[in-house]
Amino acid sequence: MNVRERLKDKKRIVVKIGSSSLTHPATGNLNLIKLEKLVRELSDLRNQGKEVVLVSSGAIAVGRKAAGLASKPKTIALKQACAAIGQGRLMMAYQKLFSEYNQIAAQILLTKGTMLDNLSRKNAQNTFEELLKMGAIPIVNENDTISTYEMEFGDNDTLSAIVAGLIDADLLILLSDIDGLFTDDPNKNKDAKFIEVVDKIDSDLLDMGKGSSGSNVGTGGMATKLTAARIATLAGADMIIANGEDLNVIHRIMEGENCGTIFLSDKSEDFYLVDYLVDTTY
Ligand SMILES: Nc1ncnc2c1ncn2[C@@H]1O[C@H](COP(=O)(O)OP(=O)(O)O)[C@@H](O)[C@H]1O
Ligand SMILES: N[C@@H](CCC(=O)OP(=O)(O)O)C(=O)O
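Source: prediction; values computed, not measured.

### Comments concerning the overall build of the protein
(1) Moving on: A tally of regular secondary structure across the protein gives 11 helices and 8 strands.
(2) Moving on: Whereas a compact globule of 282 residues would reach a radius of gyration of roughly 19 Å, the protein reaches 17 Å, a difference of no more than 12%.
(3) Moving on: Seen through its C-alpha atoms, the protein measures out along the principal axes to roughly 50 × 45 × 40 Å.
(4) Moving on: Across the 282 residues in the protein, those meeting the buried criterion constitute 42%.
(5) Moving on: Residue pairs at least 24 apart in sequence account for 72% of intrachain contacts in the protein once pairs closer than 6 positions are excluded.

### Thoughts on the nonpolar core
(1) Moving on: Counting 72 residues, the largest nonpolar core has V15, V163, A164, L172, I173 and A232 as the members making the most contacts within it.
(2) Moving on: Considering every element that reaches this core, the biggest residue donor is helix α9 (residues 221-234), with 7 residues.
(3) Moving on: Beyond its immediate sequence surroundings of up to four residues, A164 is in contact with V14, A169, L172, A232, A235 and A237.

### Description of the pairing of strand β7 (residues 238-243)
(1) Moving on: Taking burial as the measure, the 6 residues of β7 include 5 buried ones, the bulk of the element.
(2) Moving on: Relative to β7, strand β5 (residues 171-176) runs parallel, the two being bridged by 6 bridges. Pairing of L171 across the sheet is with D238, part of β7.
(3) Moving on: As defined by bridge partners, β7 adjoins strand β8 (residues 261-263) across 3 bridges and the pair is classed as antiparallel. In the sheet register, M239 faces β8, and the bridge partner there is F263.

### Topic: the UniProt feature "binding site: substrate" (unreviewed entry) in the protein
(1) Moving on: UniProt records the feature "binding site: substrate" (unreviewed entry) for S57, D144 and N156 in the present numbering. These annotated residues cover 100 residues of sequence, and their C-alpha atoms all fall within 10.8 Å of one another, placing them together at a single site.
(2) Moving on: Position of D144 among the secondary structure elements: in the loop between β4 (137-142) and α7 (156-166).
(3) Moving on: Residue D144 is classed as buried on the basis of its C-beta count, with 24 C-beta atoms lying within 10 Å.
(4) Moving on: Residues contacting D144, with those up to four places away along its chain left out, are A59, I60, K79, Q80 and A83.
(5) Moving on: Summarising the element assignment, N156 is placed in helix α7.

### Side note on unusual backbone geometry
(1) Moving on: A positive phi angle, near 65°, is found at N102, a position not held by glycine.
(2) Moving on: On the secondary structure map, N102 appears in the loop between α4 (76-100) and β3 (105-110).
(3) Moving on: For N102, a count of 9 C-beta atoms within 10 Å translates into the label exposed.
(4) Moving on: Here D168, not a glycine, exhibits a phi torsion of approximately 60°, which is positive.
(5) Moving on: Take D168: it is sitting in the loop between α7 and β5.

### As for α9
(1) Moving on: The end-to-end C-alpha distance of α9, which contains 14 residues, comes to 21 Å, matching closely the 20 Å that a straight helix rising 1.5 Å per residue would cover.
(2) Moving on: In terms of residue burial, α9 counts as a mostly covered element, since 12 of its 14 residues are buried.
(3) Moving on: G221, M222, T224, K225, L226, A228, A229, R230, I231, A232, T233 and L234 are the residues of α9 that are buried.
(4) Moving on: Lining the buried residues of α9 we find α7, β5, α8 (203-207), β7, β8 and α11 (273-279).
(5) Moving on: Following α9 by one or two positions, G236 has its phi on the positive side, about 105°.

### Quick look at the sheet that holds β4
(1) Moving on: The 8 strands are arranged β3-β4-β2-β1-β5-β7-β8-β6 in an open sheet whose pairing can be described as mixed. For this open sheet the edge positions go to β3 and β6 (197-198), each flanked by a neighbour on one side alone.
(2) Moving on: Along the sheet, α9 makes contact with β5, β7 and β8, crossing β7 at roughly 150°.

### Focus: the packing of helix α3 (residues 59-67) against α4
(1) Moving on: Running from N to C, α3 and α4 point in directions that differ by 95°, and their axes come no closer than 6 Å. With respect to each other, α3 and α4 are oriented roughly perpendicular. Each of A59, I60, A61, V62, G63, R64, A66 and A67 in α3 lies in contact with α4, whose residues at this interface are K79, C82, A83, A84, I85, G86, Q87, R89 and L90.
(2) Moving on: Grouping the constituent residues of the contact of α3 with α4 by class yields 11 nonpolar, 3 polar and 3 charged.

### Describing the confidence of the model for the protein
(1) Moving on: Here the protein shows a mean pLDDT of 92. Residues at 70 or above account for 94%.
(2) Moving on: For this predicted complex, the interface confidence score (ipTM) comes to 0.96, while the overall pTM stands at 0.94.

Thresholds, definitions, all that
Residues numbered from 1 in each chain as written. Chains lettered and ligands numbered in written order. Predicted model: local features only at pLDDT ≥ 70, side-chain atom pairs only at ≥ 80, totals over all residues. Helix = DSSP H or I, 4+ residues; strand = E, 2+ residues; numbered from the N terminus. Rg over C-alpha atoms; globule rule 2.2 N^0.38 Å. Buried ≥ 20, exposed ≤ 12 C-beta atoms within 10 Å, placed from the backbone. Contact = placed C-beta atoms within 7 Å. Core = buried A, V, L, I, M, F, W, Y, C linked by C-beta atoms within 7 Å. Pairing = 2+ DSSP bridges. UniProt positions renumbered as here; feature names shortened; annotations may be inferred. Expected span 1.5 Å × (residues − 1). Axes fitted to C-alpha atoms, helices over the stretch in contact; angles between N-to-C directions. Parallel < 35°, antiparallel > 145°, perpendicular 65-115°, else oblique. Nonpolar A, V, L, I, M, F, W, Y, C, P; charged D, E, K, R; others polar. pLDDT = per-residue confidence, 0-100.

Quick look at the structure:
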């Protein structure tokens, strides 16, 4: 079967959207039209009987605007304070929009500590399962206000892949400000070539993500997306990086259209999520 065709049969889908896709570049304010479209697309996936989890960034960006800060917060404490303001506002917007489409939205905030502690991880997993059984849409973010350096995922690309692994999702879609993976950062190198399909993530490929984040609000750039691809594909999910500029891309992907870069699930190695987290924590 064509690799894109098999996307039509995906049942449990995690969608991650970054701060740069949720805010207006000129002002940093929430882009309500995009938020509305995102909610409509995800509600429609629910209406098709799919299970949907949203990993949404944006707490720090929204909180920063609400607090009236002129620039991106730099200290951990200031980022945490912005997240504390912004997370509630972000959820308020999601709750309002999802309820207009008759969907139940739920909030799940995770830390790496949650994932490393057996009891907390099991509790998180049970919560996801119950919510999905109810048909609710869990909206996940890092619990930024309590995550300090040793215990933070640090970026939601990695977090979304870990969530995909935790709940055995069969597809992870990362929505970004770029069409997908290129051989080099296309914002810096105009000769960079687009890559449509990746079936093995090796060290050459990981090197392609070494450029930094392209936007003023994004955190990880391509490096964290490639880390996410490694986790998600080894955990058994296909992963797509696609441009979140036009959120129609979500249903186009699900209909098997050739959008973004697809990373194919790779069960050739044994992969244990928790061992991976322990190895990358210390
Ligand atoms: N090999 C690459 N292919 C595509 N984009 C790359 C690459 N290397 C670095 N980048 C940069 O990564 C950026 C996307 O990451 P980021 O700004 O963190 O976005 P988001 O907020 O969507 O997560 C792109 O705009 C691009 O400038
Ligand atoms: N947890 C943080 C987002 C961290 C993050 O990875 O941001 P992004 O690069 O915009 O996906 C927040 O909600 O602001």
